Amino acid sequence: MSLHIGAQAGEIAKRVLLPGDPLRAKHIAENFLEDAKCYNEIRGAFGYTGTYKGVPVSVQGTGMGIPSISIYVTELIREYGARKLIRVGTCGAMHENINLRDIVIAQGTTTDSSIIRNIFGPTINFAPLADYELMSKAMEVGQSLKIPTKVGNIVTVDRFYDDDIDNEKLRRYGILAVEMETAALYLLAAKYRVQSLGIFTASDHLLTKEAVPAEERQTNFNDMIKIALETIIQ
Ligand SMILES: Nc1nc(Cl)c2ncn([C@@H]3O[C@H](CO)[C@@H](O)[C@H]3O)c2n1
């Protein structure tokens, strides 16, 4: 057992999907994995291990924000040997090239978090990037399934409610979407030399102010899960 995950050694696969919402972890386990067994309920951060096309895959709810995902990702890697981690979540579209319901793949991450400065100091702005093999596979799967996927730089923010951020400047520099976890996933993957990817459904649009109705979010979400699973089992 690790401090925040109640699994025994060997109960978690080296391939792990990471939704923020623990109920999404339950949905993925129940609808996409065979013989899924729950290995964690501590703090409601549900975690399950099953198989997809015969390959062991786990799914772990990470909660919202960099501090929370950093706890789970660090313990999954250090204590349970996770080696391929794919965050599957929602994002807010910020760019005119992104449509509501598009699937966005984070090629790299920009962030207002202090995590990079805390590690590298004030002069080195380390760039947390996607694993190229996972990213290119996810793009290929999206194309083969005819699911519109967009790839580029995204911003990971610490505050959902932020009256000061200059979204227009970020958009001008090509930031496609906003979310709250992926920069930490990519930074930790680089630290521990494992593979990671962030893939999201655009559930809100900051330019058009549209939002996907709650009842429709599941459909988009399922497309993204298909891409993530086909990618992670390679
Ligand atoms: N800042 C922010 N903004 C928008 Cl428009 C979002 N849309 C989805 N998320 C994700 O959903 C949760 C917040 O609702 C976070 O986990 C975050 O990653 C968003 N986070």
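Residues numbered from 1 in each chain as written. Predicted model: local features only at pLDDT ≥ 70, side-chain atom pairs only at ≥ 80, totals over all residues. Heavy atoms only, no water.

**Examining helix 6 (residues 182-192)**
With 8 of its 11 residues buried, helix 6 lies for the most part within the structure. Among the residues making up helix 6, those that are buried are Thr-182, Ala-183, Ala-184, Leu-185, Tyr-186, Leu-187, Leu-188 and Ala-189. Looking one or two residues past helix 6, Arg-193 carries a phi angle of roughly 60 degrees, positive in sign. (Buried < 20%, exposed > 50% of the residue type's maximum accessible area, 1.4 Å probe, protein only. Helix = DSSP H or I, 4+ residues; strand = E, 2+ residues; numbered from the N terminus.)

**Some thoughts on the pattern of salt bridges**
Here the structure, examined in full by the defined rule, presents 12 salt bridges. One salt bridge in this structure joins Arg-159 and Asp-164, with 3.6 Å as the shortest N-O distance. By relative accessible area, which is 41% here, Arg-159 ends up partly exposed. For Asp-164, a relative accessible area of 62% corresponds to the exposed category. We note a salt bridge from Glu-168 to Arg-172, for which the minimum N-O separation is 3.8 Å. Of this pair, Glu-168 and Arg-172 both sit in helix 5 (residues 167-172), 4 residues apart, which is roughly one turn of the helix. In this structure Glu-168 comes out as partly exposed when scored by relative accessible area, which is 38%. Several salt bridges share partner residues, and in doing so they unite Glu-96, Glu-168, Arg-171 and Arg-172 into one network. (Salt bridge = Lys/Arg side-chain N within 4 Å of Asp/Glu carboxyl O.)

**Comments concerning the confidence of the model for the protein**
Summary statistics for the protein give a mean pLDDT of 96 and a share of 100% for residues scoring 70 or more. The ipTM value of the predicted complex is 0.99, and its pTM value is 0.97. (pLDDT = per-residue confidence, 0-100.)

**With respect to the packing of helix 1 (residues 22-32) against helix 7 (residues 214-232)**
In the contact formed by helix 1 and helix 7, the axes pass within 12 Å of each other and the chain directions differ by 65 degrees. One way to sum up the angle between helix 1 and helix 7 is to call them roughly perpendicular. At the point where helix 1 passes helix 7, the crossing takes the right-handed sense. In this structure, helix 1 uses Arg-24, His-27, Ile-28 and Phe-32 to contact helix 7, whose residues at the interface are Arg-217, Gln-218, Phe-221, Asn-222, Ile-225, Lys-226 and Leu-229. Partitioned by chemical class, the residues of the contact of helix 1 with helix 7 number 5 nonpolar, 3 polar and 3 charged. (Axes fitted to C-alpha atoms, helices over the stretch in contact; angles between N-to-C directions. Parallel < 35°, antiparallel > 145°, perpendicular 65-115°, else oblique. Left-handed = near helix turned anticlockwise from the far one by under 90°. Contact = heavy atoms within 4.5 Å. Nonpolar A, V, L, I, M, F, W, Y, C, P; charged D, E, K, R; others polar.)

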